[in-house]
Each structure stands twice: as C-alpha cells, then as structure tokens.
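# A look at the structure
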Amino acid sequence: MSANSLSYNEQGGAESAVEVGLESTPTSSGAGAGAGADLREMLESTKESLKLEAMKRIVGLIARGKNASELFPAVVKNVASKNIELKKLVYVYLVRYAEEQQDLALLSISTFQRALKDPNQLIRASALRVLSSIRVPIIVPIMMLAIKEAATDLSPYVRKTAAHAIQKLYSLDADQKEQLIEVIEKLLKDKSTLVAGSVVMAFEEVCPDRIDLIHKNYRKLCNLLVDVEEWGQVVIISMLTRYARTQFISPWKEDGIFDENSEQAFYESDEEKLGTPQSKPYIMDPDHRLLLRNTKPLLQSRNTAVVMSVAQLYWHLAPKQEVGVITKSLVRLLRSHREVQYIVLQNIATMSIQQKGIFEPFMKSFYVRSTDPTHIKTLKLEILTNLANEANISTILREFQTYVKSQDKAFAAATIQAIGRCATNITDVTDTCLNGLVLLLSNRDETVVAESVVVIKKLLQTQPTQHSEIIKHMAKLFDNITVPMARASILWLIGEYCERVPKIAPDVLRKMAKTFTVEEDIVKLQTVNLAAKLYLTNSKQTKLLTQYILNLGKYDQSYDIRDRTRFIRQLIVPNEKSGALSKYARRILLASKPAPMLESTFKDRDRFQLGTLSHTINSKATGYLELSDWPTAAPDSSVRNVEVMEPVKEWVPSMGKTKPLKSDDKFYSDSGEEEGAGEEGTGSSSEDSSSSSSSSSSNEGKLYGLNSKHSEETDSSQSDKSSGHSDKKKADKKKRLQLKKKAKKAAPKERYQMHRPPTHHPLTQELWNLRTFTPKMAYTHTGKKKNRKQMVALFLCVQVSSPVFVPMSSHELLHRMTGKGLAAQYHFPRQPCIYGNKMVSVQLTLTNSSDHTLEDISIGEKTSSGQNIHRFSSIERLEPGASVTVSMGIDFNDSTQAANFQLCTKEDQFSVSIQPVVGELFLPVTMTEQDFRKEQGKLQGMNETSATITMAPENTSNQALSKKMVSVANMGVVPTGEDSLYRFAAKSVSSGDLVLVSVDLTDSSSGRLTINTEKTVIGSMLLRDLKTALAQP
C-alpha cells in the first residue's frame, strides 16, 4: 500500500488530492463497505500515523467524487488532534460535509471555538471556514462573534476567511446585514492585498448600493489593484466600474482634456486664467484618471477574466480615443480555448458596431479557420460584417466567397446573410452582391440556394424597379428549388411585383395550382396571396385559377390555410356579405411595404455591461447590477480624501517644471520648521549654520522639482526672516572659504569626507547617523591622481543624495524547489552600503518553504567571479514558513558581470548569482545647473554618447519622463530653468566617476539623449536601457 502525501499551498488548503495511491477496494457506492470499515478502524487507532494515512485516503476519495459522508462520526472525533497535518485534513473534510451532517457538526462547535484561538493561522482560518459552513440558524450569534474577532486578526489570511464567511452568514440570516456592514467597513480599510478582493466580494453581495463605504478606500483599492490576486482583481474592477459611473462625469465629450497630467489645469496661475476665454471644457477628474492608469497594466495579465474586466472598464469609462488600447489584448485572447473565444468575440461584436475603427487593423485576426466550430465562425463573420466599409469591402467579399463554399451548411447560410447586410449598408457594392447572389441560385446545395433567395428578396425590396430581370431569373429557377422558404420567397416577390412581370406571374400561378396539395403550409399561404394579387391586377387571365386555388384551400387540412382562404375570398370577391371591405382590397394587398432592415443581432446588447452573463445571453440575469448613467454634474470629489495619509510603497516627487500650488509654502516649510525647532533646542546658532541650513533647504526644493519662480519666492521669504538675500550670499561665500581652509588642513584620511546631504528619507537618515559609516569622496578616480584644488572643487559641487525613486520589485535568487525548501529573493534598496564605499547594497529575503527547520544559513567562502562580497552573519535557525531579511554588499567593479557565490545551509550548498542592472551601479548626486554644465564640458569627445529617441505618448509629460528616467537608473535630478531640457546626475559606486545624463526634447515625442562619463561602456549600456524605457508606455 502506497500513499502520496498531499501538497498544501501557503493558505493551508489542499492543492491537489487526486492521486493518493488507494488500494483496489470497491468504492463504487460511497467509500465502499470494506474500505469504509478499514478507514473507520484506522481513524479510531491510537497511532497518529494511521490516522493521518486514513485522512489522506479519505480526502483522495472526495477529490475523485466519491461519497465519504458515512465516515463523518469517525473523522469529527479527530478534530481536537494535536497533529497539525492531521487537523488540516480533518478541517478539509468538515468543510465539505458540515452542511450535510449538521447535527454531528454542532457537537463539535466548542472545539471549533477553541480552534479560533489557535496560534496557527491556518487552523484559525479552517475553524472559521467550518463554522460558517454549518447552515443552522441557531449558531448565527456564534458565527457573528467569530467573524468580528477574525476581522481584527493579525493574520491577513484569517481576515480573508472572515470576509468569505460574511457572505455565508448573510445568505443564512439577512437580518444581520447592519452588523455585517460594520465588519465590511472595517475590512475595507485593510491594507493587505490578500484581503482586498474578498472584502469587495462581500460588499457586492451584502450591500452593493452603499457607495459611501468606498469613498475613503477608492484610491487605496486603485493602488493595490495590481498586487491583488486575479480573482480579486476581477471583483474589484467590476465594483470600481459601477462606482466610477456614479462619481465622475462623462468623458465622452469633444472638448475634453484627456492628458494624464490634466491636473496642470489645477495649478494654473490667475494671469493665465484671465487670458483664456471663459469656457468650461471637460477636464478629467484625477481619481478617474487614476483608475484608468492603474488598470491599464492588467491588460497584460495571463488571466483572461482580468483582461476582459479591464476591457469592459475602458469601454464604459475611458474617453473614446483611449479605448483602442484594449484591442491588442482582446485579440490576444483569441488564441485561447474556444470557450474563451466565444465570450471575447461576443464582446468584440458589440464593440465593433459602435467603434469599428479600433478593430480594423486586426481584421485578419477575425478570418475564419477551418478548425473553428460553427458558433465561433458565426461570431467572426458577424465582426467582419460590422467592420466592412468602402475601403475594405472588396477584401471582405473575397473572403465571403470562400466561406460560401464551406461544407458547414449553417455557416454558409450565415455568410449569405452577411453578404446581404454588406449590400444594404454599402450602396456601392449592392449590385455586385446581388449579381453574386444570383449566381448562387444555380448552386447544387439547396441550403445555399434557399438562403440566397431569401436575401435577394430583401435586397430587391430596396430597388424593385431596377431588378425585374432578377425576378424573371428567379421565376425560371422556381421548378428546381425545393426548400419551402425559398419557394415562398419567390412567390412573394412575384406577387409583390406582379405588374412588372405580367407574363411570368400567371404562368407561375398555373404551376402552383397543379402542386398546391403537396406543398408546405408556408408555400400554400404565399400561393393564396399570389392568386389574390393577380386577381386584382390581371383578373382576365387568373380569375379561374384564383377560384380553383381558393377552393383547394377551403378544404385544406391546415386551419391556417382554411382561414386565410375564407378571408381572401371575402376580400377580393365582392358579394352582398362582404360589405365595404372589398372596396379597399387593392389598397390592402398591394400597399407599398417598407424595405426590411438587415441589422446585426448584437445591436441592442450594449444595454448590458460587457463581460457579464446578461450580455452573453442577451437577457437580464439574476443578480445583474445595471450601470447607472453618467451624472450631469460632478459629485464632490473631497469625499475620497483621506485625513491621515497612508505610506505608499513607492514615492515619486513632482519633478520637472510644474506650476506651484498656492499652499506649497506650508508643504515645503516642514524642513524649515524642523530646522527651526533644532535651533531653538540648542539655544544658539551661528550665522554660518543658519545660512547653511537655508541654502540646503533651497537646494532640496530645487531637487524635488520646484520651478525657478517658486525657488525665488522661497529664497526671498527665507531672506526676509534672516538678514536678507544679499546677506545670505555673503554667508554662503564665507562658508565656502572656510570649507576650503578646512580641506587643506585636514588629514589625508579625512580630506575627502562628504557633507551630510539634505534628506528626509528615514533609512538614509539612519545610515548617516552611524558613526562607523564615513563614506569617501563622492568623486574619485581609480588609478588617476587629481590635485587638491580639483578635489576640493568637486567636493563643493557634488554630494550624494537620497534616492529619488526606489523600485520595490525583487528578483528570484533561489527557487524553493531548487533550494529544497529554501527560497531567496534579492532587491536593490539604492542606499549607500554601510560595509564599504565601493560596494552596492543588496537586500536578501530568505524564506523557509519546507516543513522542517533550516539551520546555519550563510554565504560560502569562495566566489567564482572574484568580486569582493561582504557576507551577512550566519542565520542559526529559520522555522518553517518564516522569512528573514538580511543585507550584504557587493563590489561589482562598475560592471554588469554577475556575482556568483554559494548559499549554504547545514546540509546543502546552492550555487546562485546576482545579476546587476547598469542603473543600480550608481548613487544619485546633487549639483547645481552651473556645476553640471562645467563638468559636462570636461567630459566631451570620447566620453560623450548620444542618440535620438522617440518617446511613447505616456512619457512626454514632465513628471512621467523624470519618473521613467530615475526608475531605470539611480540618478539625482538636477534643477534646470529650460522647459524642454532635463538633467540627471549620478556617480558610479565603485570608481566614483560622474555620470551626467541630459534629455533635450525637440518636439512632443522625440528628442536627444546624451550621456557624459569616462566609463564609456557603462554610458553605452545606460543609453540603450534609457532609450528602450522611454519608447515603452
């Protein structure tokens, strides 16, 4: 007997229990009599190993669809077991059968309540899951208390389980709605991505109309959306779509401003507003733009439901000119399974009716393949018909000619209908389509001929006077056509336009009189109509034929034929009983009829939200929530403001030349207030120190993107508080002279120490406070001697600053399968390394994914690549499921060559490597514009690398361009007074060489990228990375 152990995911549930290696015991009915007895005996054993083995086999039975409910009494006895693995399996079983065996489950409620206090988060969550699965109203108060307690649990997994339990409790007792809403409101404030999707699903189930609960959490949900699991992303996007339709005004206006930096209008000065005409164009709400911007990356998701959700969000919320971004992603989904294709094609068919232009470039993707099933072929045909216009109609008609020859009869008939629609919509090809359909009348396939006749009938109604020859041709083919609908259509055409074919119509009626008794009912009805019309227009030739046909119809087996015959006789044959109705017979039967409209079957589906079940079945499904109309006036946007700003993962300062907000003085006065408090605490300060602090705060303001006008205002305000602007310059000059004297007198070891840069970053603050950390000169050359004057000058103009942008992405160093349970990831924090001024700081996150403790985790002594590596201290023990973050330093020697070393545990050694990106080999520096130009002039000729760049539209704004640059490389922003010029500066970590980057925009989407550095190889690699990044959205 062999049994494979079950694997569990991080949440403690069973991932797979399909193969458990059961013996060949009879399990056709339930668990089987013999197997049930054996399993029950094993569960009642005193050995934990036998109980665990039995539970594995029982869960295996459940996974295979077998009924194991008869083992419930034996299983529930082990719910209080101290074995964690056994308890997990018991809870998996109880979740499945607690609803069926409610009485027995109620006996163990006290055990479940004790388990809610278990130190293991998986046990707490499993106990709550089982408790919420017992569908007995008497335990509702117990469930409510458990949910409230779990909602405040320290584990996000337990809080996620509480959100799931809310829906179960609401379906059991709807009277608990108010208390559940309080729990939902609390969980909506949760910052964990694990909880977000589940609580939004509970919100949609319990109180979807309580939009006020979303206001304060709207921006947080938008920012967390990328990190939420895929199921949660679908739920959140659907909810935010409904929310946006109630809180933002319609963006579908011609005078809209849709730039991502539309908030610039908020920063306009009064003079600019006075110079513009007094009109109120549409300006997109920043929160509206936030939603669109944060959902756009999800179009690249591997999950088709997520892509479809983002596509419907853009369709219902985005400006018309921005909807095109979803087309590539939707076309990509057409490579998926046919079930996915069916849903995606249905939504594309609806979209292509209103905006056919966005799908025209991908028209070939909708060509039908021979392997496609019929329903997929029909949808593709629908889309091709919607995309048809004067420019591509010839290509589409050639494609349709091939489809008509298909062996799939239903698809061939649908193709003929599509040709008719094209002929109706595009008048230039109406004659061509008609001629092609007439040629199909001689086809051997009856289905094709019949559908052609029906379509020709509809087309002839639009221009009956010009196509009498086609009617004659169809009358000649009448004897060879056997499909009832086609014969009826020909008879209707001849009767409707009998005056244009006066010689052919009586002869057709004569033939029909011979075969009247053997025709189908639909053909008989049209024969009676034809006889009546000919009686009114050509009674001399058809009077006797009409009376003969009316007599045949009078005694027909179908009551429809008999009723129609009596009606026609009273209408066209005047007698004493007919009264005045016969006078209007001609006006009734020969009245001009409007031409039928050949429209798409998806024309009215836009009333349903895309991607929903209601849209798929074209009928309102149970639980469908309709999208509200756009509000006429913009609701108050301040309801989404959060009083206490929550820390975010990545902070990007406003860079470039944005216009200052009126309240910026208060924002940027924080540093001044802190410095002022420090001065009051010391009780005395010199003139030099006060001027130094004011100049450093001024430089900091320039670093964070203040324009020249705001800098002047800040300087003037500071000079008013001190001794004036001129005194400030004198103090700066005096300070520089003092620094030069100190540098000359300093010892060689201390000569090139850097000043503490102005920064508010907490990590940088701690690093600079470390007494053991004395970084070297910010600008030194390996192997090159510089005189003292050059070093002092560089020391005064170049200073290392805190990073402007710190990416939170991490890279895999060791997979848990390769590392036998040990997983490792590394991350570049972009901070000066405390282990050496030539080293790059690297953070490692070590995780124990195994079920046993790992001991003595360290880095091996030898490295294959020869780099200088500062190893972290050995980790004595790492418990299962635990993680630890350590720091290390690596001297890459200003090269992107990978650092290879061994990650060791007590039993094993694993070879790993850290591959640096060229942008992580720098430290950002601050310098003035004048110093930048001076140093750039020294690095010309061979030290300069440049290229012409083409930027994506998303990167053309000031903030987007600066963010893209500093995200690729760890550089500092150099303030500049020119609108189209951007400057960035850094130094290489190992050698200290300056790296100067400038971007000169020639127009809105192109410019010149220049890099000046003595490290020409690094410059070339950085140029390539920056050029690629700016070209991507």
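Reading guide: rules and limits
Residues numbered from 1 in each chain as written. Predicted model: local features only at pLDDT ≥ 70, side-chain atom pairs only at ≥ 80, totals over all residues. Heavy atoms only, no water. UniProt positions renumbered as here; feature names shortened; annotations may be inferred. Helix = DSSP H or I, 4+ residues; strand = E, 2+ residues; numbered from the N terminus. Expected span 1.5 Å × (residues − 1). Buried < 20%, exposed > 50% of the residue type's maximum accessible area, 1.4 Å probe, protein only. Arc of directions from axis to C-beta. Contact = heavy atoms within 4.5 Å. Phe/Tyr/Trp six-rings, centres within 6.5 Å; stacked < 30°, edge-to-face > 60°. Lys NZ or Arg CZ within 6 Å of the ring centre and 35° of its normal. 1 Å grid on protein atoms, 1.4 Å probe; cavity = no way out; pocket = protein on both sides within 12 Å on 5 of 7 lines; lining within 4 Å. Points joined across faces, edges and corners; volume = space filled by probe spheres on them. Nonpolar A, V, L, I, M, F, W, Y, C, P; charged D, E, K, R; others polar. Pairing = 2+ DSSP bridges. Axes fitted to C-alpha atoms, helices over the stretch in contact; angles between N-to-C directions. Parallel < 35°, antiparallel > 145°, perpendicular 65-115°, else oblique. Left-handed = near helix turned anticlockwise from the far one by under 90°. Patch = residues over 30% accessible without salt bridge, like charges linked within 9 Å, V, L, I, M, F, W, Y side chains within 5 Å. Areas by Shrake-Rupley, 256 points an atom, 1.4 Å probe, with all protein chains shown as cover. Salt bridge = Lys/Arg side-chain N within 4 Å of Asp/Glu carboxyl O.

In the annotation of an unreviewed UniProt entry, the chain is listed under the name AP-3 complex subunit beta and assigned to Denticeps clupeoides. In its Sequence similarities (unreviewed entry) section, UniProt records this for the chain: "Belongs to the adaptor complexes large subunit family."

What follows deals with helix α20 (residues 393-404). The first and last C-alpha atoms of α20 sit 16 Å apart over twelve residues, in line with the 16 Å expected at 1.5 Å per residue. For α20, the complete set of buried residues consists of Ile393, Ile396, Leu397, Glu399, Phe400, Tyr403 and Val404. End-on view of α20: buried residues confined to an arc of 160°, all on one side of the axis. For α20, the exposed residues lying more than 90 degrees away from the buried face are Arg398, Gln401 and Thr402. Residues of α20 that are buried sit in contact with α19 (374-387), α21 (409-425), α22 (430-440) and α23 (446-460).

This part takes up the packing of aromatic side chains. What the rule picks out here adds up to twelve aromatic pairs. Taking 5.1 Å as the distance between ring centres and 25° as the angle between the ring planes, the aromatic pair formed by Tyr218 and Tyr243 counts as stacked. Here Tyr243 lies in helix α13 (residues 230-247) and Tyr218 lies in helix α12 (residues 218-224), a separation of 25 residues in the sequence. The exposure classification of Tyr218 matches that of Tyr243, with both residues buried. Seen from their ring centres, Tyr218 and Phe248 are 6.0 Å apart, and the 65° between their planes marks the pair as edge-to-face. Taken together, the positions of Tyr218 in helix α12 and Phe248 in the loop between α13 and α14 (270-275) put the pair 30 residues apart, joining distant regions of the chain. Under the relative-accessibility criterion, Tyr218 is labelled buried at 0%. Among the aromatic side chains, those forming a connected cluster through ring pairs are Phe72, Tyr93 and Tyr97. Between Arg96 and the ring centre of Tyr97, over which it is positioned, the NZ or CZ distance is 4.5 Å. The side chain of Arg487 reaches across the aromatic face of Phe478, ending 4.3 Å from its centre.

As a further point, take empty space enclosed by the protein. A water-sized probe, rolled over the atoms, reveals where empty space remains. One pass over the full model with this rule turns up six cavities of 30 Å³ or more. In this structure, the second largest cavity encloses a volume near 70 Å³. In terms of lining, the second largest cavity is formed by 13 residues, of which the most central are Arg830, Gln831, Val840, Ser841 and Leu923. Listed by contribution, the elements that provide at least two residues to the lining of the second largest cavity are β6 (840-848) and β13 (922-926). Of the residues in the lining of the second largest cavity, the class split is eight nonpolar, three polar and two charged.

What follows covers the sheet that holds strand β9 (residues 875-878). The pairing of strands in a sheet comes from backbone hydrogen bonds and takes either a parallel or an antiparallel form. The four strands are arranged β9-β7-β11-β12 in an open sheet whose pairing can be described as antiparallel. The open sheet has two edge strands with one neighbour each: β9 and β12 (909-914). With direction set aside, neighbouring strand axes in the sheet form an average angle of 30°. Summarising the sheet, strand β11 (residues 899-904) and β12 pair through six bridges and their orientation is antiparallel. In the sheet register, Ala899 faces β12, and the bridge partner there is Ile914.

Closest axis-to-axis distance for the helix α26 (residues 504-515)/helix α28 (residues 539-554) pair is 10 Å, and the angle between their directions is 30°. Judged by the inter-axis angle, α26 sits roughly parallel to α28. Our pair here, α26 against α28, has a crossing hand that is left-handed. Of the residues in α28, those in contact with Pro506, Leu509, Arg510 and Ala513 of α26 are Gln541, Thr542, Leu545, Thr546, Tyr548, Ile549 and Leu552. Among the residues making up the contact of α26 with α28, the classes are represented as seven nonpolar, three polar and one charged.

Right, let's get into the sheet that holds β6. With antiparallel pairing, the five strands of this open sheet are ordered in space as β4-β5-β6-β10-β8. Because the sheet does not close on itself, it has two edges, and the strands there are β4 (811-814) and β8 (868-870). Ignoring strand direction, the axes of neighbouring strands in this sheet form an average angle of 30°. In this sheet, β6 lies alongside strand β5 (residues 822-827) in antiparallel orientation, the contact comprising six bridges. Paired with Ala824 across the strands is Leu846, a residue of β6.

Looking now at helix α4 (residues 84-97). Here α4 contains 14 residues, and its C-alpha end-to-end distance of 20 Å stays within 8% of the 20 Å for a straight helix at 1.5 Å per residue. Leu86, Lys87, Lys88, Leu89, Val90, Tyr91, Tyr93, Leu94 and Tyr97 are the residues of α4 that are buried.

Taken together, the side chains of Phe567, Leu581, Tyr584 and Ile588 make up a nonpolar region of the molecular surface, amounting to roughly 370 Å² of accessible area. Residue position: Ile588 is located in helix α30 (residues 585-589). Among the residues examined, Ile588 registers a relative accessible area of 41% and is labelled partly exposed.

Time to look at the pairing of strand β18 (residues 1006-1012). Counting buried positions along β18 yields six of seven residues, so the element is predominantly enclosed. Note: strand β14 (residues 944-950) against β18, seven bridges, orientation antiparallel. Directly across from Ser946, in β18, lies its bridge partner Thr1010. One ladder, built from six bridges, connects strand β17 (residues 994-1001) with β18; its direction is antiparallel. Bridging from a neighbouring strand, Leu1001 pairs with Gly1007 of β18. Linking β17 back to β18 in an antiparallel pair, the connection comprises four residues.

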